[in-house]
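Results of the structural survey
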Amino acid sequence: MNLTAQQILLSLSTVLSILFFPYGLNFYVLMQKAQNYKLPKIKKWSKKPVTIQLPIFNEKYVVERLMKACIAIADHYGKNLVQILLLDDSTDETTEIVRKIAEKYKSLGYDVEVIHRFNREGFKAGALQNALKYTKHPFIAIFDADFVPPPDFLDKVMPYFEDEKLGIAQCRWTHLNRDYNATTKAIAIGYDGHHIVEQAGRTAANFLLNFNGSAGVLRRSALEEAGGWQSDTLAEDLDASYRMQLKGWKAIYLRDVTCPAEIPPTIPAVKRQQSRWARGSIRVFRKLFMDILKSKMLSFEQKIEALIHLSYYSVHPLMFSAFLIALIAAIFDIRLVNLTLLIKTMVTPSGAAPSTQSLNFIPYLKRFIDEAWNAAISMPHWIVLNIMIFFCAISMWIFYAYTLKLQGIKIKSQAKALASLALIGFGISLSNTIAVLQGLFGKTPGSFARTPKYRIEKVTDTWRDKKYQIGVNKMVFLEALLGLIGLTAIFKAFLNSNFGIIPILAVYVIAYFYVALLTKKEAAIKGSD
């Protein structure tokens, strides 16, 4: 019976490794492609009028800062060439703040208009689609409320639209509060990996590129040809950008054009953001899967990369499944990672430990090699499985190390941030698994739960005395419960000398407790959002 159970779990582990493999391989592919990143040279260009759209929902702390930055853009680019639309869906005092800001700049001669909706139909996508009726110009720049675009943003981006087939230009996000705490330091590395390596790699390889929802410019005619903004997914930016490219429009990533923004400073905010992105992107995968496969414009390589890109958040259900397999193995004493061989080779053929005085380790090494070779011959699938696991496991670390290197940041200085990023990644595997399943099988796209912004710029700033804090929900109790179950399984594995499974379980246990404790610590007693 144990043998059958072992075979089942080993088979499941093998399947998981095979499913993980494309995502691990993709890190290496994009790193290699990013080395060839370069942009087309623009010889001459003429300024084209642009509408700046600012989607806002209850952003009292940051909306004025955003508006000042956009006015600076208008001054730099040309006051008569920029229209600013404040797309206000707010239900609190933000609406009055927005109204006063708009009146102030209107009186100074700027083309500013407030579009206030009394319902959030379609959420952000609905607000953006509704704004097209009020948009005067052929190009649309979009900034979320926590961004602070530089004054020369349009001067740096718009020259690329001399290419009449260019539909999207996405710029790099940088960070106003990178060094605020352990969470922001960790998430900054994650964001940088996506922007500095992934997006650059996709541009260099002519892969499909995603608009990140902010700090970018879209050609209005391309957007409308692709069907405009659609609210059947929470990732309206990813959806629209893919549909535009499936219509033949180009997308480009401008790595050297930066736009600073706030990183969520709390784990509850990070979890909310990641859950929304997970649910939204998987729903886009579900929506566009067949369109991508049937496309005659895309090469085989482009199709594979697009499907890996859209389905990336499925790694979280795979991670959670790996934890469940490890739990079962520990609780029922099933040996998936057998350390008996290693223990056996710690003694000489005579049964005693090799003498440190004689330093004669040759019998020890011979026995180890013989046993390892016999194991490889009898279980070649296990060797292949371990190679695949190792290959996938280190890909993420190499990827983020490469990201730091490109920025001139010493990896050693970011060791704690990398560890925190790993713990957050494992720790949110449960919440993101639920989000992925909802996106894949849910009948509705879900509710757009926005990421709260608190105007955190300096280490001395605080969010504790501000609105929009996220309350504790049942997820934190499930994460703590998983940590306790995992801890029990580790104790059981130790008693049964099933030592091989303990390191795997330990990573998840630490991660679930880390995320659960920070969630409880940083959450409001009652959510005010």
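Residues numbered from 1 in each chain as written. Predicted model: local features only at pLDDT ≥ 70, side-chain atom pairs only at ≥ 80, totals over all residues. Heavy atoms only, no water.

A word on the confidence of the model for the protein
The pLDDT averaged across the protein works out to 91; a share of 89% of its residues lies at or above 70. Considering only residues more than four positions removed or in separate chains, one finds that residues 355-359, a stretch of pLDDT under 50, has two contacts. (pLDDT = per-residue confidence, 0-100. Contact = heavy atoms within 4.5 Å.)

Topic: helix H16 (residues 429-441)
Look at H16: 18 Å from first C-alpha to last across 13 residues, which is about the 18 Å you get at 1.5 Å a residue. Those residues of H16 that fall on the buried side of the exposure criterion are Ser 429, Leu 430, Ser 431, Asn 432, Thr 433, Ala 435, Val 436 and Gly 439. Looking at the buried side of H16, the elements it contacts are helix H9 (267-294), helix H11 (315-331), helix H15 (415-427), helix H17 (474-495) and helix H18 (502-522). (Helix = DSSP H or I, 4+ residues; strand = E, 2+ residues; numbered from the N terminus. Expected span 1.5 Å × (residues − 1). Buried < 20%, exposed > 50% of the residue type's maximum accessible area, 1.4 Å probe, protein only.)

Structural notes on the packing of aromatic side chains
Inspection of every chain in the model, using the stated rule, returns 22 aromatic pairs. On the numbers, 5.3 Å between centres and 70° between planes, the contact of Phe 323 with Tyr 512 is edge-to-face. Of the two residues, Phe 323 is situated in helix H11 and Tyr 512 in helix H18; the sequence distance between them amounts to 189 residues. The exposure class of Phe 323 is buried, given its relative accessible area of 0%. Feature note: the residues Tyr 23, Phe 27, Tyr 312, Tyr 313, Phe 399 and Tyr 400 constitute an aromatic cluster, connected by ring pairs. When the ring centre of Tyr 110 is taken as reference, the NZ or CZ atom of Lys 79 above it lies at 4.3 Å. The cationic tip of Arg 120 hangs over the ring face of Phe 57; the distance from NZ or CZ to the ring centre is 3.6 Å. (Phe/Tyr/Trp six-rings, centres within 6.5 Å; stacked < 30°, edge-to-face > 60°. Lys NZ or Arg CZ within 6 Å of the ring centre and 35° of its normal.)

So, the state of the cysteines
Within this structure, the stated rule accounts for zero disulfides. Among the cysteines around Cys 70, which has no disulfide bond, Cys 259 carries the closest sulfur, lying 8.7 Å off. With no disulfide partner, Cys 259 has as its closest neighbouring cysteine sulfur the one in Cys 171, 7.4 Å distant. Given a relative accessible area of 0%, Cys 259 falls into the buried group. (Disulfide = S-S within 2.5 Å.)

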